[in-house]
Amino acid sequence: MENTKTNGRSKFVIAAGLMIMSLTMACNSALSPILAEVGKSFPDASDASIQIVLTLINLLTLPMMLLEPLLERHMTKRNIALLGTFLMLVGGLLPQVMNTQLWMLYIVSAIIGTGLSFVVVTSSSLISDYFTGIDKSRVMGFQSIFVSIGGTIIAKGSGMFTANWGWEKGYLVFLIAVPIIICIWAMVPKGEVPEQAASTESKSAISGSMVYFGILCLITGIFVATFNTNIAMYIDRNHIGDASTAGTVSAIMQGIGILGGLILGNVVKTFKRFTIGAAIIVMAIGTALVGLSTSFPVICVGAILMGIGFAIRNPGAVTFSANMVDPSQASMAIAIVSATYNLGNFLSAYIVNPVAAMLGANISMRFILSAVALLIIGIVACIKAPTTDQQALDSQN
């Protein structure tokens with residue numbers, strides 16, 4: 001990476017700031033360790049109602065990610081990222097005083113989801129703004145590493161806080177947002193609010209291939225979410241461990257993503273347009289291992305495979321979507337694939353839970369059903385890849 005300067009800051013400093021910004025991007029899945037304890041505090045609530053605490057974060061990303069490109073007309077991307085990180089901090093503090101009713105946690109999730117949406121779109125879009133060619137691929141790979149590092153910290157932290165002081169304190173892991181805000185402010189250029197582009201340009205981001213990509217992300221999100229929204233309850237009901245144990249499993253999944261980030265560039269070069277499909281198949285195997293075993297080591301292996309697949313699939317989808325459109329439309333393309341995926345995460349409990357219940361009463365059926373579905377989706381994504389080889393390799397040139 002050439003250490004040239006942009007707006008008075010070197011490319012290295014900008015990259016470091018964007019990486020630090022990405023530390024909270026896995027918060028929607030990393031908070032999963034608290035769910036079992038939340039369920040115990042609200043015993044009359046159904047599993048789906050408890051899972052909404054996590055999946056509502058994903059639902060809010062749909063409108064908010066699509067709103068973010070409109071905000072760029074009035075605010076710089078850096079300021080939108082600062083706003084998003086601040087909202088996640090607020091979402092972490094509110095449960096300390098708003099925790100007696102389940103609907104209060106839904107409000108908290110809505111705030112966290114709004115903040116997460118702004119950070120996801122702006123961080124990926126800013127990478128496209130400041131980096132090109134192989135540097136863009138490298139920074140995307142390092143972003144995946146930092147997402148995994150942040151997810152590991154949040155997952156293990158929320159699990160430990162919950163096990164020792166109660167699920168309300170599990171949210172305090174969002175205090176990590178304080179130093180992140182300072183770093184974004186100091187290291188990422190403020191940028192400028194772009195002039196209004198011609199109205200016809202906005203159409204270029206939505207093509208038939210982008211619609212297909214969005215639908216593929218939506219369906220994938222439905223079944224990937226099973227791991228995060230059920231792992232704490234699975235561990236608790238099978239007497240494998242407590243919230244701290246669930247935090248360890250989630251931390252393993254997030255932490256192994258560091259490996260995924262390191263190999264992302266080589267994986268894309270090797271698999272090209274098949275990258276997304278291959279990553280989904282890896283996640284299918286990981287999900288199956290959990291559903292077929294109550295052995296903690298086997299569950300950890302499943303978490304490792306989920307982490308590798310997740311760390312390749314997610315930044316790969318973001319990078320490919322940005323490569324499919326004109327650079328001016330990158331934010332909208334990223335918003336489409338990210339929002340549809342997160343909408344799938346929200347719908348997961350309403351689709352997976354009842355279908356799995358028809359197959360068997362054990363919670364393991366949710367994992368087995370999702371594993372089969374992900375295997376099919378992965379095969380479909382290989383047969384009809386969402387991008388061409390050139391679009392997949394664009395950031396490698």
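Before going into details, it helps to say that this report is about the structure given with it.

The rules behind each value
Residues numbered from 1 in each chain as written. Predicted model: local features only at pLDDT ≥ 70, side-chain atom pairs only at ≥ 80, totals over all residues. Heavy atoms only, no water. Salt bridge = Lys/Arg side-chain N within 4 Å of Asp/Glu carboxyl O. Helix = DSSP H or I, 4+ residues; strand = E, 2+ residues; numbered from the N terminus. Buried < 20%, exposed > 50% of the residue type's maximum accessible area, 1.4 Å probe, protein only. Expected span 1.5 Å × (residues − 1). Bend = angle between axes of the 7 residues up to and from the residue. Core = buried A, V, L, I, M, F, W, Y, C linked by side-chain atoms within 4.5 Å. Contact = heavy atoms within 4.5 Å. 1 Å grid on protein atoms, 1.4 Å probe; cavity = no way out; pocket = protein on both sides within 12 Å on 5 of 7 lines; lining within 4 Å. Points joined across faces, edges and corners; volume = space filled by probe spheres on them. Nonpolar A, V, L, I, M, F, W, Y, C, P; charged D, E, K, R; others polar. Axes fitted to C-alpha atoms, helices over the stretch in contact; angles between N-to-C directions. Patch = residues over 30% accessible without salt bridge, like charges linked within 9 Å, V, L, I, M, F, W, Y side chains within 5 Å. Areas by Shrake-Rupley, 256 points an atom, 1.4 Å probe, with all protein chains shown as cover.

## Looking at the pattern of salt bridges
Counted by the stated rule, this structure contains six salt bridges. Note that D47 and R366 form a salt bridge whose closest N and O atoms lie 3.1 Å from each other. You can see D47 sitting in helix α4 (residues 47-71) and its partner R366 sitting in helix α16 (residues 364-383), a full 319 residues away along the chain. Judged by its relative accessible area of 10%, R366 falls in the buried class. For the salt bridge of R273 with D389, the shortest nitrogen-to-oxygen distance reads 2.9 Å. With a gap of 116 residues between them, R273 in the loop between α12 (257-271) and α13 (275-291) and D389 in helix α17 (residues 389-393) connect regions that are remote in the sequence. Taken together, the shared-partner salt bridges in this structure form one network comprising E37, K40 and D236.

## Looking at helix α15 (residues 330-359)
The first and last C-alpha atoms of α15 sit 42 Å apart over 30 residues, in line with the 44 Å expected at 1.5 Å per residue. Where α15 bends most, at L347, the angle is about 50 degrees. With respect to burial, α15 is a largely interior element, 21 of its 30 residues being buried.

## Some details on helix α1 (residues 11-21)
Residues spaced three or four apart along an α-helix face the same direction, because each turn holds 3.6 residues. With respect to burial, α1 is a largely interior element, eight of its 11 residues being buried. All of the buried residues along α1 are K11, I14, A15, G17, L18, M19, I20 and M21.

## Comments concerning the nonpolar core
L18 and Y171 are the most contacted members of the largest nonpolar core, which has 54 residues in total. Considering each element in turn, this core owes the most residues, 11 residues, to helix α6 (residues 102-130). Beyond its immediate chain neighbours, meaning those up to four positions away, Y171 contacts L31, I34, V53, G91, G92, P95, Q96, L105, V108 and I112. Among the nonpolar cores identified, the runner-up in size contains 52 residues, and I222, I235, I308 and L369 belong to it.

## Let's talk about empty space enclosed by the protein
Throughout the structure, instances matching the rule amount to three cavities of 30 Å³ or more. Space inside the largest cavity adds up to approximately 470 Å³. Taken together, 32 residues make up the lining of the largest cavity; nearest its centre are M25, V120, F310, N314 and Y341. Secondary structure elements with two or more residues in the lining of the largest cavity: α2 (27-30), α4, α6, α7 (133-165), α10 (208-237), α14 (296-323) and α15. If one sorts the elements of the lining of the largest cavity by residue count, α14 sits on top with seven residues. Classifying every residue of the lining of the largest cavity by side-chain character gives 17 nonpolar, 14 polar and one charged.

## What about the packing of helix α11 (residues 243-255) against α14?
Axis separation between α11 and α14 bottoms out at 7 Å; the angle between their running directions is 35 degrees. Mapping the contact onto sequence places T245, T248, V249, I252 and M253 in α11 and F296, I299, C300, A303, I304, M306, G307 and F310 in α14. Looking at the contact of α11 with α14, its residues break down into 10 nonpolar, three polar and no charged.

## Re a nonpolar patch on the surface
A cluster of nonpolar side chains, contributed by Y350, I351, V355, M358 and L359, occupies part of the molecular surface with about 490 Å² of accessible area. Tracing the backbone shows I351 in helix α15.

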